[in-house]
Amino acid sequence: MTRRSSARMAVLALLWGSSFLWIKLALDNGLTPVQITVIRAALGAAVLLGLARLARQRLPRDPSTWGHLVVAAFFCNALPFFLYAFGEQSVDSGVAGVLNATTPLWSLLIGLLIGTERGLHPLRLTGLLIGFAGTLLIFAPWRQSGLLSWGALALLGASASYAVAFAYMGRKLTGKGTEPLVLSAAQLLTATGLSALALPTTDTAATDPNSTAVLAVVLLGVLSTGITFYLSYRLVADEGATSAATVGYLLPIVSVALGTIVLGERLGLRVLIGMLVILSGVGLVQKYGRPSVAEDVPVK
């Protein structure tokens, strides 16, 4: 791996992992989950459309591709963007970052359910069990001080939604002749439209976002969504999907560190141990499996 690619990976991990911090700051300073979702998708789409224009790449024109993009945008962007914002109303940003790391576990579980995972290596199954054991350790439903709540379940739902999207995109969108950059731009543009449908459910009169909220959501949309998509795309193109996928191991560390330093969050020893257990399980799942669709599509 070149020095440039290593630097790109470090920047990608920082921008991607900081998204949970920006969501928390936007929520705490006056924006609603729906507003955050729409603005995030719109700004990310604007960045990618600009980059696609510079690269002289055109949006897809065939109706079938746009039909698939509607499904992909819902499960890969609109729904998880909202669920992360909803979940972080009651859950620390660091925990959100840790639970985001469960996406490869959900991908394997979905593959087992729909029959696309055959000849499963015993260590992959072990990794799946270890990963969800780590999740259970974080939630600690047997303790009154555990983290099991609607917010935490929403965060898990967001990770599972990504896994559903990966499976669908791998079958219907990737490898069909459309450039990943313009495909990502079209997908976020579609997600903006889908998310905007929920705006009437938000009482805008009751919200009063301050400058911190505005800055946080701009950074979330431009850097942690638009630029992150582009850097993921470039890293996959230059170094391959396997190298790019290792960024996922850095995200919980970045989110926990930023939550502690900036917001003063204290996750506790149980949550930190649970994070290590989850990452160990994810490591086994990815090491002993064929390259996954999730590694080929920059989505988060």
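All of the points below concern the structure found in this document. (Residues numbered from 1 in each chain as written. Predicted model: local features only at pLDDT ≥ 70, side-chain atom pairs only at ≥ 80, totals over all residues. Heavy atoms only, no water.)

Considerations on the overall build of the protein chain
- For the protein chain, the count of helices and strands is 13 helices and 0 strands.
- In the protein chain, the order of α-helices and β-strands from amino to carboxyl end is α-α-α-α-α-α-α-α-α-α-α-α-α.
- Burial statistics for the protein chain: of 300 residues in total, 50% are counted as buried.
- Relative to all contacts within the protein chain whose residues are 6 or more apart in sequence, the contacts with residues 24 or more apart total 88%.
- When the accessible area of the protein chain is evaluated, it comes to approximately 13,500 Å², of which 64% is carbon and sulfur surface. (Helix = DSSP H or I, 4+ residues; strand = E, 2+ residues; numbered from the N terminus. Buried < 20%, exposed > 50% of the residue type's maximum accessible area, 1.4 Å probe, protein only. Contact = heavy atoms within 4.5 Å. Areas by Shrake-Rupley, 256 points an atom, 1.4 Å probe, with all protein chains shown as cover.)

With respect to the environment of H68
- Counting through the fold element by element, H68 comes out in helix α4 (residues 63–87).
- Taking the relative accessible area as the measure of exposure, H68 reaches 22% and is therefore partly exposed.
- For the pair formed by H68 and L173, sequence separation is 105 residues and the distance between their alpha carbons is 7.0 Å.
- Among all residues touching H68, those that are not within four sequence positions of it are Y168, K172 and L173.

Structural notes on the packing of aromatic side chains
- Tallied over the full model, the rule gives 6 aromatic pairs.
- Both rings, one in F20 and one in Y84, keep their centres 5.6 Å apart while their planes meet at 70°; by these two values the pair is edge-to-face. On the criterion of sequence distance, the pair formed by F20 in helix α2 (residues 19–28) and Y84 in helix α4 is long-range, its members being 64 residues apart. Both residues of the pair, F20 and Y84, count as buried.
- With a centroid separation of 5.0 Å and an interplanar angle of 85°, the aromatic rings of F74 and F75 are classed as edge-to-face.
- For F74, a relative accessible area of 36% corresponds to the partly exposed category.
- Given a relative accessible area of 28%, F75 falls into the partly exposed group. (Phe/Tyr/Trp six-rings, centres within 6.5 Å; stacked < 30°, edge-to-face > 60°.)

Quick look at the nonpolar core
- Judged by nonpolar contacts, the single largest core of 67 residues is most densely connected at I36, Y84, V95, L99 and I138.
- With 11 residues, helix α8 (residues 150–172) is the single largest residue contributor to this core.
- Ignoring sequence-local partners within four residues, the contact set of L99 consists of T135, I138, F139, A152, L155, L156 and S159. (Core = buried A, V, L, I, M, F, W, Y, C linked by side-chain atoms within 4.5 Å.)

As for a nonpolar patch on the surface
- Taken together, the side chains of F86, L148, W150 and L153 define a hydrophobic patch exposed on the protein surface, amounting to about 460 Å² of accessible area.
- Structurally, F86 is set in helix α4.
- The class of F86 is partly exposed, set by a relative accessible area of 33%. (Patch = residues over 30% accessible without salt bridge, like charges linked within 9 Å, V, L, I, M, F, W, Y side chains within 5 Å. Salt bridge = Lys/Arg side-chain N within 4 Å of Asp/Glu carboxyl O.)

Here's the deal with helix α5 (residues 93–100)
- For α5, the tally of buried residues reaches 8 of 8 residues, placing the bulk of the element in the interior.
- Within α5 the residues assigned to the buried category are S93, G94, V95, A96, G97, V98, L99 and N100.

Examining unusual backbone geometry
- The backbone of R56 sits at a positive phi, close to 60°, despite the residue not being glycine.
- Tracing the sequence through the fold places R56 in the loop between α3 (33–54) and α4.
- Using a relative accessible area of 79% as the deciding quantity, one classes R56 as exposed.

Comments concerning the packing of α3 against α4
- Packing of α3 against α4 brings their axes to within 8 Å, and their N-to-C directions diverge by 135°. What the angle tells us is that α3 and α4 run oblique. Classified by chirality, the crossing of α4 by α3 is right-handed. In this structure, α3 contributes P33, V34, T37, R40 and A41 to the contact, and α4 contributes A78, F81, F82, A85 and F86. (Axes fitted to C-alpha atoms, helices over the stretch in contact; angles between N-to-C directions. Parallel < 35°, antiparallel > 145°, perpendicular 65-115°, else oblique. Left-handed = near helix turned anticlockwise from the far one by under 90°.)

Quick look at the environment of A85
- For A85, the location among the structural elements is in helix α4.
- The buried category is assigned to A85, whose relative accessible area is 0%.
- Measuring from C-alpha to C-alpha, the distance between A85 and L155 comes to 8.7 Å, with 70 residues separating the pair along the chain.
- Apart from the residues within four sequence positions on either side, A85 is in contact with I23, L27 and P33.

Here we look at the packing of α2 against α3
- Two numbers describe how α2 lies on α3: the axes approach to 10 Å, and their chain directions differ by 130°. The pairing of α2 with α3 is recorded here as oblique in orientation. Where α2 crosses over α3, the handedness of that crossing is right-handed. Judged by residue contacts, S19, I23, A26 and L27 of α2 engage P33, I36 and R40 from α3.
- Here the contact of α2 with α3 is built from residues that sort into 5 nonpolar, 1 polar and 1 charged. (Nonpolar A, V, L, I, M, F, W, Y, C, P; charged D, E, K, R; others polar.)

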